[in-house]
Structure formats: C-alpha cells, structure tokens
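Structural features, examined
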Amino acid sequence: MKTIEDLKRLRDQVQSTTRMRHDSSRQIIVGMGTCGIAAGAREVMSTILDEIAKRKLDDVLVRQTGCIGMCEKEVLVDVVLAGQPRITYGNVTTADIPKIIADHVVNGRIVKELAIGKFVE
Amino acid sequence: MNSNQSQCCCDGSVNQFDKLDEVLKKYQGVKGALIPVLQEAQHAYGYLSKEVLQNISKKMDIPISQIYGVVTFYSQFHLTPRGKSIIRVCQGTACHVRGAKTILNEIENQLNIKSGATTPDLKFTLETVACIGACGLAPVMMIDDDTHGRLTPEIIPKILAK
Amino acid sequence: MEHIRAHVLVCAGTGCVSAGSKKIEAALRDQIAKHGLDKEIKIVETGCHGLCEMGPLVIVYPEGVFYVRVQESDIVDIVEQHLYKGRVVERLLYTEHDTLEGIPSYKEIAFYKKQMRMVLANCGQIDPEQIDEYISVGGYEALGKALTTMKPEEVVDEVKKSGLRGRGGGGFPTGMKWGFARNAPGEKKYVVCNADEGDPGAFMDRSVLESDPHRVIEGMAVCGYAIGADEGYVYVRAEYPLAIKRLKNAIEQAEAIGLLGENIFGSGFNFRLKIKEGAGAFVCGEETALLASIEGKRGMPRPRPPFPAISGLWGKPTNINNVETFANIPQIITKGADWFASIGTERSKGTKVFALTGRINHTGLAEVPMGITMREIIYDIGGGIPDGKKFKAAQIGGPSGGCLPEQLLDLSVDYDSLIKVGAMMGSGGLVVMDETTCMVDLAKFFLSFTQEESCGKCTPCREGTKRMLEILTRITEGQGKEGDIELLETMARDIKTTALCGLGQTAPNPVLSTLQYFRDEYEAHIKEKRCPAGSCAGLLEYTITEECKGCGLCKKACPVEAISGEKKGLHEIDQDKCVKCAACFAKCPFKAIKKQ
C-alpha cells in the first residue's frame, strides 16, 4: 500500500465482499474478549463448530469479535441471516447451541427467549 | 551449579543453559532487554534459579545485584520453584465487593495451602492478583492463561478437579 | 450406514397422518427413487412433534431443516431443490411473521440507550484479528489524512483544539502534551502507549486492545507523525495475555501492508511499534516508572521535571498517553476537532468509557458523553442495585479516586466536578456499593492495595500508607481509639502533599473521601464497636436463637469448640472462645444463628 487511494480501494473492496457475504450466507459471531472467554466462549465456539459440522452446514461462516460491553450477559452470540438484522443472544451456554442453530440458523426462526437485541441500521 | 541441579527442570540435557542461550541470542544488542530476557527465561525454566541469574548477569554484562533488584521488584518473577498450574485469585475492587475473600478461603481449604504457597506435589501455586480486568464477571480467577468467572465457593472443587 | 448422507423424517403422528403425511411419504419415496437417491437418503417415520397445527411436518437431517404444512405438490421441490441440489426450500420453512417484534434494537436496550459509542464503536462489531475489517469501517483513513494533507503542527493544533484530555488519570490536555514533545529539541523521539491498566475495577483499555487494536495503533502513528517520532512502544500488563496476542497480530498485519514501517503512504514518514510486557507492578502505570521499566530497570518513579516530553525514554523526548486517549485520535482527525469539541462539557470534551462493576445489575463497559450524571450511569445504564438493596456509594477512579455518596448522584461526571468532590476520573473504574459494603473496610482494602504496590522509593508513601493501614485495620477489628480519625486525616494530608509521584499523592484519597461522606461509619466502629454494614468480622457477634433444634451441626463445625449444648437442646456460643469464623453460621440448617 503506497497511497491513500490504495487504502480507499481496499476499503471499498472489503466493503463489497462484506456486503456480498451478508447477502449470500449465514454467519454466527461469537464475542471472544477475556470476559466472554471467562464466561465460556471457547466452549460455546467449539460446540458451534461441532454442531455445524454435524449438520454439514458448509456455508455457515463462524467468526469472532471483541467485547461489546455487556459483560453480565456473556457469552454473547450473534446470528446474521442474509438480508435480516443481526440478532444477539445473551447468556448463551453450550446447551443452547443446538437450538439456536436448528431454529434460527437452519430454519430462520429466532429463539426469542434467548434473544436480547437486534441491530437495526 | 551443584546442589540445586536436581530441582532444575532441564531434563538432563547436555547443556542446561541451551534454552537460555537461545533467549540471550535473540535479545543480543536490544536496548532494555533485561526484563523480556528474564520473562522468557522464567518461561523456559519455570522459575529463576541462582544459576540462571548468574548466567544472565555474565552474558549480558549486568551486575547480579542489579538483576536481583529487578527480579524482586516485579511480582511476576520467582526465585523458587513453582507449581505446574498457577492459580491467581483476583482481589480487585469489584471482586472484593462480590465476595472474592470466600473464594480464596475455599481454594486455600481445598488445596490446604495459603496464598503465596505451592502444594508439596508442585501441582498448584496459589497467588492473589490485584485485578485481572474481567470485573464484569466478578469474582474471577485465572488458572494459567484461562480466566474463570462468576465463581461461587461451591463450584471451586469442580474447577480444581480439572 | 456410511453412505446415507441424509435422513428425511416424516411425521406419522395422528395429527400429521390425518393431514396427509402418508401420501407425502409415498410421494417422497417416488421422487427419491426417480432421482436415484434411494441409496443415500433414508426416509424415517417419526412420532408426533407436538406441532400438529403446522402438519404435515417433514424434517431433513443432518441440517435439521424443518418444513411445515407440506403438500404432496411440494415434494418435487423438496427432493429436487433440497436433497438433490442442496438448496433449502425457503417458502416451506416455519417462520413467524412477527419474528423480529419483541426483540429490542440496540438503541432501545436500556444499557445502550444513553451511551455514545465512539471509542468503542467497533468493539463487538469487527473481527479484531482481521485488519481488513478495521479498514472496511474507515480504519487508517485518519493516518492517511494526517500524513498526506496535514503538517505535523496542524495535527498537534487539531488535537489541541479538540479539547481532548488524557483518559488515564490526571486529565492533562493531550494536544499540549504533544506540543511539548514536538517542540523539544532532539532528533530521536518516542511515542509510548500506557496499557498498564492496573486500577482494580477498570478494564476498558484491555477491551479496546482486544476488540479494536488497530484503532490504538493508528492513534499512536498519528502521534508519531505529529511529534516527529519514528518509534513507539506499547507497555501492556502481563495479566492481559489476549490483548498482547491481538496487538502483536495487529502490528504484524499493519506492517505487512505498509501501514507501519518505512515511507507510509509515500509521505516519507517511518513508524515502527514494539510491545513491552509488564512484569506485575502497579506503580508502572506512573509514566516515569513505566519508562524505567521499558529500559529494563526497577519501575520506580522519579521526580519531574524534567517531564518525559523533554527527557523520557533513554533520555529522549517522549510522549506518553494511555490506550483510550490514543483510541480517540483517529476520529478527531477524520471528523475534525470542532465535531469532537461539540460533545461533552465546557472543559471536558468527548466521551469517557466507564467500567461498571460491583453491586449493580448491568455490569459492563459504558461509553457516555462527559457531563452525564452519575445517576444516569448507575440507574439508567446500569439498571440500579440488585436484590432490592439500597445504593450506598460509588467508587470512582480506583485507588486514587474517591467514594461518592447518594447525595452526589446528580453530579455531572467530568474531570473538574469529580476533583471538586474529592474523587477523580482516573481511568474510569466505577464500582457500585450497596448497604452491605462497609466503607471503613473499603478504605482499608484500597490502602492495603497501595501499600502492597508502593515501590518504596519515597518515605511518605512507603511508611505513611503502612501506618494508615495499621490504624484502619485496628478500627475494623474493634480496637479503634479516640483520635484515630484525626490522625488519619493529618497523615492523609501529609502524604498528599509530600509523596513523590501521582500514585503516592492520591493514595489517601479513598480514606479522605470515605471520611468526608461516611464519617458516621468510622465513628460507629470506634465508639460503639459496631459495623453498620455488618461486614467487619471482628465486630460481629454470633448468637444462637430459640430456632435452634439442637442438631449439633454447628458444634461439629466450630473449629475452637466454642459451642456447647445437649442433643435436641438449645445450643450456646461462648463469646470468649468464638473466633468469628462464621463456620456455624454457614452450617446451621434452621438459620438459628444470628450475626450482628
């Protein structure tokens, strides 16, 4: 990267791939800050990976993010389906994962009793 | 380099300072390298023995008195062998307000050692720490690099069993 | 079984059968056979799923796709689209139409409603281990703008104009600090980021480093350009292994695409960053001690002047700011000083991140505009006190700060108002206490912390805090004397005026502020030998009430044989023998033991 134009080009390129990803796939995002990990985010993450492997959900993208600040609701897991608002689940345990994946990720039905918020642009 | 040899975890290799030499080489000519060298040496040997410190002193050309001063200043450095797992119970403000003392007491009872000590089988060293920064989940503790939060005296035995 | 790649479950419960599931199963068999899939797909009849009004149900595994109200005519699609091509037939999924209703948007959640997330904007949004994600939200554009369109002096002026003040403690104007370092003579200069977040109860810096490390790197690079430094250090405490890992990774990624290194953006500006891991000493949060530690020495403060801006790391001009301060820089450069200065109060601009902890419903990190009231933070954002308990005090600013009582809840939270009432912004730890916390014990807690962490260089801090701690310990154990309060006050004032560094000078603050607002609690301990909060063990008395059934559990639990009594008879505690360990209190199944 040599000029500021290079930076802008990279930004636009990443933005468009992000948009494409949002339009075409399903994402699960786990909050992996120290608080999240202390509350069990690692176990939740590996249960998610197991569960999507078991269900052969090859197109589901599992990502990590940092801390959003709601420590007392850790572990936090977000689910994003194409064209829909990002939904945050709070106080997630490994036992909740099969339900979140089966109901929300696979069948598009939000697990209301665990959902704590949605992102509206 | 005689009586203490049995305590050293250098698995009888030909030169017990191999690992140290590597570290020293890495930091050769780097300014202010003493602390990282000590950190890596401790990481390699578990603690900082007299022999290791003497060796560092010689190779880095820093008086051993000065090294001793640094080692004893920082709570991270240890001059005696330590347990395989280090348990650090947070005693920060948030943890204090949420009952960190009962957690520490429970661990002391479970391991039958006081804070600051190591179990005779060298499995655990128990320490307190001022704040881990996971206050939202207070009370918390760290076992090695893993943080455990929302502790109650009841779940302590379960965590220790792991 | 190995070659079976999918199972199709058809509900054969009474409800679904009457809705036609038998016909559906037959159609499925036909279609599957027609596509030659009968070797790899197995049809299974199941019992009732309890969702009969949605029947007939068809469920496809391994994914677990749940089709409802399936008609015979839908089977072609299920087989061709889903089983053959692997595409879910969305129109047959069970979705509720009001599915998003009842789930609050982030703007509606009480915890976020009054927040203004600027420094934390990306935290919890982007992947901190991917530089691309930071760039996609406008990352490194501030660095680009500064390097290609602004002179270094202009960057310093912009930061000055923004009114940004240091977020780590003292609240010194950042732009002025940069100006000193810029104007200091010398070729070689350094930028240092203080990430030795040692205040118990504060964790915003850890969170920013873990969740958005590039923002800090960018802020430091802009600073390097402004003051004329080509090298920077981030001093991170060793207790933050994840922050260190992510920062390391972020630096490597930035170097790999030329955002750190030589000739950044073709401007001729070079900048490199290194990480220094702390070794566990609270005092290293003090800037001169921190520099000594980077140099590999004992981390002890030295008198100022000379200030680090003139003579810092290895004697070179050095600018030190903390993590949150640097994290504020990129937005000041991109959005402008005027925008930044429009947020906050007259003399405290922008936002501040607080770590809400202690006896509060919603713990976490809250970023709020300066000038918000304590009440808004604790009640509107934090959701108040749990378990129906009463608010007693908020401890703000860590071991250097103070405790604020209920009557100050409507105080504006900014640098100057806090100083006026005997507290300080500090790094932004906000620990809430309810009626069960003893304020004398809290003062003792903080003093034992500073005592433990005192580097020992100057006498007022080394000896003074020790004596004060002895007095406080005495008071909490019921051995307080007339005159103790006055003695504490005198010593506190002496330490404040004579200690060498900021940490020593502020060490007595928790004692002074609890004395100012909770003097009656000290008096109750000393004069009545009573702890109003019921927390000082030495002042409690354990007695057995009439509820006692004589089970003898307490007697067994007592380590000093202070309890006597016959089986099935009322037991008694010998107060002379009792060591107040509370073992009996915890063991009694009938809650027959009272402490007061």
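Residues numbered from 1 in each chain as written. Chains lettered and ligands numbered in written order. Predicted model: local features only at pLDDT ≥ 70, side-chain atom pairs only at ≥ 80, totals over all residues. Heavy atoms only, no water.

Points about the overall build of chain A
We apply this condition: Secondary structure elements follow DSSP: runs of H or I no shorter than four residues count as helices, runs of E no shorter than two count as strands, and numbering proceeds from the N terminus. Burial classes: relative accessible area under 20% of the type maximum marks a residue as buried, over 50% as exposed, and values in between as partly exposed (1.4 Å probe, protein chains only). In what follows, residue pairs with any heavy atoms lying within 4.5 Å of each other are defined as contacts. Charge assignment: positive for Lys and Arg, negative for Asp and Glu; neither His nor the chain ends contribute. Charge positions are represented by NZ for Lys, CZ for Arg, CG for Asp and CD for Glu.
Counting its secondary structure elements, chain A contains four helices and five strands. N-terminal to C-terminal, the α/β element order of chain A is α-β-α-α-β-β-β-α-β. For chain A, the C-alpha atoms occupy an extent of roughly 50 × 30 × 25 Å along the three principal directions. Classification of the 121 residues of chain A by burial places 62% in the buried group. Taking as baseline every contact in chain A between residues at least 6 positions apart, the subset at least 24 positions apart corresponds to 65%. Separation between the mean location of the 18 positive side-chain charges and that of the 16 negative ones in chain A comes to 3 Å.

Describing the packing of helix H18 (residues 459-476) of chain C against helix H22 (residues 519-527) of chain C
Residue and element names in this part refer to chain C. What counts here: Here an axis means a line fitted to C-alpha atoms, over the contact stretch when the element is a helix, while the angle between two N-to-C directions is reported on a 0 to 180 degree scale. To sort the angles, those under 35 degrees are grouped as roughly parallel, those over 145 as roughly antiparallel, those from 65 to 115 as roughly perpendicular, and the leftovers as oblique. The classification used treats Ala, Val, Leu, Ile, Met, Phe, Trp, Tyr, Cys and Pro as nonpolar, Asp, Glu, Lys and Arg as charged, and all other residues, Gly among them, as polar.
Running from N to C, H18 and H22 cross one another at 65°; their axes reach a closest spacing of 8 Å. When the axis of H18 is compared with that of H22, the two are roughly perpendicular. Packed against H18, whose contacting residues are Leu472, Ile475 and Thr476, the element H22 presents Tyr522, His525 and Ile526 at the interface. Residue classes in the contact of H18 with H22 are distributed as four nonpolar, two polar and no charged.

Quick notes on the packing of aromatic side chains
For clarity, the cut-off: Any pair of Phe, Tyr and Trp rings, taking the six-membered ring for Trp, is counted once the centres come within 6.5 Å. Such a pair is stacked with planes under 30 degrees apart, edge-to-face with planes over 60 apart, and tilted for the rest. The criterion is that NZ of a Lys, or CZ of an Arg, lies within 6 Å of the ring centre and within 35 degrees of the ring normal, and then a charge sits over that ring.
For the structure on display, the rule yields 16 aromatic pairs over all chains. Ring plane angle 15° and centroid distance 5.8 Å describe the contact between phenylalanine 269 of chain C and phenylalanine 271 of chain C, whose orientation is recorded as stacked. By relative accessible area, which is 9% here, phenylalanine 269 of chain C ends up buried. One aromatic cluster is present, built from ring pairs that chain together Phe119 of chain A together with Tyr106, Phe111 and Tyr112 of chain C. If you follow arginine 109 of chain A out to its NZ or CZ, it ends over the ring of phenylalanine 66 of chain C, 5.4 Å from the centre. The aromatic ring of tyrosine 240 of chain C is capped on one face by arginine 237 of chain C, whose charged end is 5.0 Å from the ring centroid.

Points about the interface of chain A and chain C
How big an interface is tends to be expressed through the accessible area that disappears when the partners come together. So the rule is basically this: Buried area, as used here, totals the accessible surface that two parts lose on assembly, with accessibility defined by a 1.4 Å probe and the loss added over both. Salt bridge criterion: a side-chain nitrogen from Lys or Arg within 4 Å of a carboxyl oxygen from Asp or Glu. Any pair of nitrogen or oxygen atoms within 3.5 Å is treated as a polar contact; in protein, a donor-acceptor pairing is required on top of that, and neighbouring residues in sequence qualify only through side-chain atoms on both sides.
Taken together, the contact between chain A and chain C spans 46 residues of the former and 60 residues of the latter. Taken together, the two surfaces of chain A and chain C that pack against each other cover about 4500 Å², and 53% of this comes from carbon and sulfur. At the junction of chain A and chain C, the tally comes to two salt bridges. Between arginine 11 of chain A and glutamate 141 of chain C there is a salt bridge; the shortest N-O distance is 2.5 Å. Linking chain A with chain C are 28 residue pairs in polar contact (both at pLDDT 80 or more). Elements supplying a minimum of two residues to the side of chain A that touches chain C: helix H1 (4-24), helix H2 (34-38), strand S2 (60-65), strand S4 (87-89) and strand S5 (115-118) of chain A. For the side of chain A that touches chain C, the element with the highest residue contribution is H1 of chain A, accounting for seven residues. Its residues assigned to classes, the side of chain A that touches chain C comprises 21 nonpolar, twelve polar and 13 charged.

Quick word on the interface of chain C and chain B
If you look at the interface, chain C gives 45 residues, while chain B gives 32 residues. Carbon and sulfur atoms supply 58% of the area that chain C and chain B bury against each other, a total of about 2800 Å² over both sides. Ranking the residues of chain C by area buried against chain B places Ala279, Arg298 and Phe445 of chain C at the top, with a combined share of 20%. For the pair chain C and chain B, the interface holds 15 residue pairs in polar contact (both at pLDDT 80 or more). By residue number, the principal contributor to the side of chain C that touches chain B is helix H17 (residues 439-453) of chain C, which donates five residues.

Describing the sheet that holds strand S5 (residues 190-195) of chain C
Residue and element names in this part refer to chain C. Our working definition: In this analysis, strands are considered paired if DSSP registers two or more bridges between them.
The five strands are arranged S7-S8-S6-S5-S9 in an open sheet whose pairing can be described as mixed. Only two strands of the sheet have a single neighbouring strand rather than two, namely strand S7 (261-264) and strand S9 (318-322). Looking at each pair of strands side by side, their axes are set apart by 25° on average, direction ignored. Inspection of the sheet shows S5 paired to S9 by five bridges, in the parallel sense. Bridge pairing in S9 links tyrosine 190 to threonine 318. Sitting on the sheet, helix H11 (residues 241-256) touches strand S6 (231-236) and strand S8 (269-277), and the angle it makes with S8 is about 160°.

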